[in-house]
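# Survey of secondary and tertiary structure
In case you want the letters, here they are:
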Amino acid sequence: MIYRLRHVTTYAYAHSVDLAAHLLLLTPRSLRYQNVVRSTLAITPTPSHVTEAADHFGNAATRVFLDLPHERFEVIAEALVEVRFPDPPAPALTPPWEDVVATARHGEAAEFVFPSHLAPIVAAATGYAAASFPAGRPVLAGLLELMGRIRRDFTYKPGVTGNHTQVVEVLRDRRGVCQDFAHVMTAALRGLGLPARYVSGYVRTRPPPGRAARRGADQSHAWVEAWMGEAYGWVGLDPTNDIVVRDEHVVLAWGRDFIDVSPLSGVILGGGDHGLRVGVDLEEVVTV
């Protein structure tokens, strides 16, 4: 599947910003099953300095510095991306989840076993996950069941949570958005000792004919990648929509939680109050 991506972020400040330094994670990752044909970043005003280098997790990071006064800051990220992640293995063929736990701290997935600020190990999350992982159950079978339970048990409701809402609050209120559900699933798996990482990106804006729109379209999206052991590696799981990531998602970045992968962060001198507008389109490119 080939997608055309356009992500527009605009800040309007009440007063002039004199200096600003921003970190942008707005360039899709080049992966084995995700080919970034082209990507561009248009930044207004023009930065005085730009540095591009991968961050600790291998995400494509752009650092910009602005030293001219400005009352508006805008970033337009555009890309053409081809994606087709492989179908997951048959759940019964994957190893028992306890075997994955036993080897998790000795490979590439090790750093994603440990708690983070927005995906901590808390008893409520661990207990919630445990129901899907009885002794000896194949790891993918448990992962799929847990993903489906989150989709059924939690209400998708924008506006009731924020970027720093804690997992315990989401578990208590049983409502939120994709970011919250990804944090719940990540924290729940880590509580069992299973590696899980938080993924930011996009889900297709317009569904195929006859299908309902995916939750989280028209904006940045978030999901989970879970480790199934050396033989099978990572699998992408979208608990907001209860689907395995195949060809409807574009991966932007991954990390321990949202803090690691915020699309745009930074510090400014001045500005006062500000308004923020974000618009996202991920449209399928029709080829003939």
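All residue numbers refer to positions counted from 1 along the written sequence of the respective chain. Residue-level local features of this predicted model are given only where pLDDT is at least 70; pairs of side-chain atoms are given and counted only at 80 or more, and the full residue set underlies all totals for whole chains, interfaces and linings. Only hydrogens and water are removed before side-chain values are computed, so all heavy atoms of the structure are retained for them.

Another aspect to go through is unusual backbone geometry. Cis geometry is found at the peptide bond from threonine 44 to proline 45, where omega equals 0°. Non-glycine residue arginine 174 carries a positive phi angle of around 55°. Inspection of the secondary structure assignment puts arginine 174 in the loop between helix 4 (167–173) and strand 7 (175–176). Arginine 174 gets classed as partly exposed once you look at its relative accessible area, which sits at 33%. Even without being a glycine, aspartate 242 presents a positive backbone phi close to 55°. Structurally, the position occupied by aspartate 242 is in the loop between strand 10 (234–238) and strand 11 (243–244). With a relative accessible area of 33%, aspartate 242 lands in the partly exposed category. Think of it this way: any DSSP run of H or I at least four residues long counts as a helix, any run of E at least two long counts as a strand, and we number them from the N terminus. Here's how the labels work: a residue is buried when its accessible area is under 20% of the maximum for its type, exposed when over 50%, partly exposed in between, all with a 1.4 Å probe on protein chains only.

The next point concerns the packing of helix 3 (residues 139–153) against helix 5 (residues 178–192). At a minimum axis distance of 11 Å, the contact between helix 3 and helix 5 shows a crossing angle of 145°. Where helix 3 crosses over helix 5, the two elements pack in a sense that is right-handed. The segment helix 3 lies against helix 5, with Leu143, Leu146, Met147 and Ile150 engaging Phe181, Val184, Met185 and Leu189. Put simply, Ala, Val, Leu, Ile, Met, Phe, Trp, Tyr, Cys and Pro go in the nonpolar bin, Asp, Glu, Lys and Arg in the charged bin, and everything else, Gly too, in the polar bin. Broken down by class, the residue content of the contact of helix 3 with helix 5 amounts to eight nonpolar, no polar and no charged. Axis geometry follows a simple rule: fit a line to the C-alpha atoms, using only the stretch in contact for helices, then measure angles between N-to-C directions, giving values from 0 to 180 degrees. By convention, the crossing between two helices is left-handed when the near helix turns anticlockwise from the far helix through less than a right angle, and right-handed when the turn is clockwise. In what follows, residue pairs with any heavy atoms lying within 4.5 Å of each other are defined as contacts.

Glancing now at the environment of isoleucine 268. By the element assignment, isoleucine 268 lies in strand 13 (residues 264–270). For isoleucine 268, a relative accessible area of 35% gives the class partly exposed. C-alpha of isoleucine 268 to C-alpha of aspartate 18: the two residues are 250 residues apart in sequence and 7.6 Å apart in space. Setting aside its immediate chain neighbours within four residues, isoleucine 268 contacts Tyr13, Val17, Leu19, Ala20 and His22.

With respect to the secondary-structure elements, proline 138 resides in the loop between helix 2 (123–130) and helix 3. When its relative accessible area of 22% is taken as the criterion, proline 138 is described as partly exposed. Expressed as a C-alpha distance, the spacing of proline 138 and proline 91, which sit 47 residues apart in the sequence, is 6.3 Å. Not counting residues up to four positions away in its chain, the partners in contact with proline 138 are Pro91, Ala92, Thr94, Pro95 and Pro96.

This part takes up the pattern of salt bridges. A pairing counts as a salt bridge when a side-chain nitrogen of Lys or Arg comes within 4 Å of a carboxyl oxygen of Asp or Glu. Applying the stated criterion across every chain yields a total of nine salt bridges. Among the salt bridges present, the one from arginine 6 reaches glutamate 78, with a minimum N-O distance of 2.9 Å. Pair noted here: arginine 6 is in strand 1 (residues 2–24) and glutamate 78 is in strand 5 (residues 70–83), with a separation of 72 residues, a long-range link. Overall, arginine 6 belongs to the partly exposed group, its relative accessible area being 36%. Looking at glutamate 78, the relative accessible area reads 35%, which means it is partly exposed. Here aspartate 173 ties to arginine 172 by a salt bridge, and the two come within 2.9 Å at their closest N and O atoms. The exposure class assigned to aspartate 173 is partly exposed, which follows from its relative accessible area of 36%. We classify arginine 172 as exposed; its relative accessible area is 59%. Bridged by salt links that share partners, the residues Arg84, Asp87 and Arg246 form one connected network.

The subject of this paragraph is the packing of helix 2 against helix 5. Close contact between helix 2 and helix 5 brings their axes to 8 Å; oriented N to C, the two are set at 80°. Between helix 2 and helix 5, the angle is such that the two are roughly perpendicular. Each of Ala125, Thr126, Ala129 and Ala130 in helix 2 lies in contact with helix 5, whose residues at this interface are Ala187, Ala188, Gly191 and Leu192. Of the residues assigned to the contact of helix 2 with helix 5, the class counts are six nonpolar, two polar and no charged. For classification purposes, an angle smaller than 35 degrees is called roughly parallel, one larger than 145 roughly antiparallel, one from 65 to 115 roughly perpendicular, and anything else oblique.

Once that is clear, we can look at the side chain of threonine 126. Mapped onto the elements of the fold, threonine 126 is located in helix 2. Residue threonine 126 is classed as buried on the basis of its relative accessible area, which comes to 18%. For threonine 126, the contacting residues outside a window of four places in its chain are Ile121, Ala188, Gly191 and Leu192.

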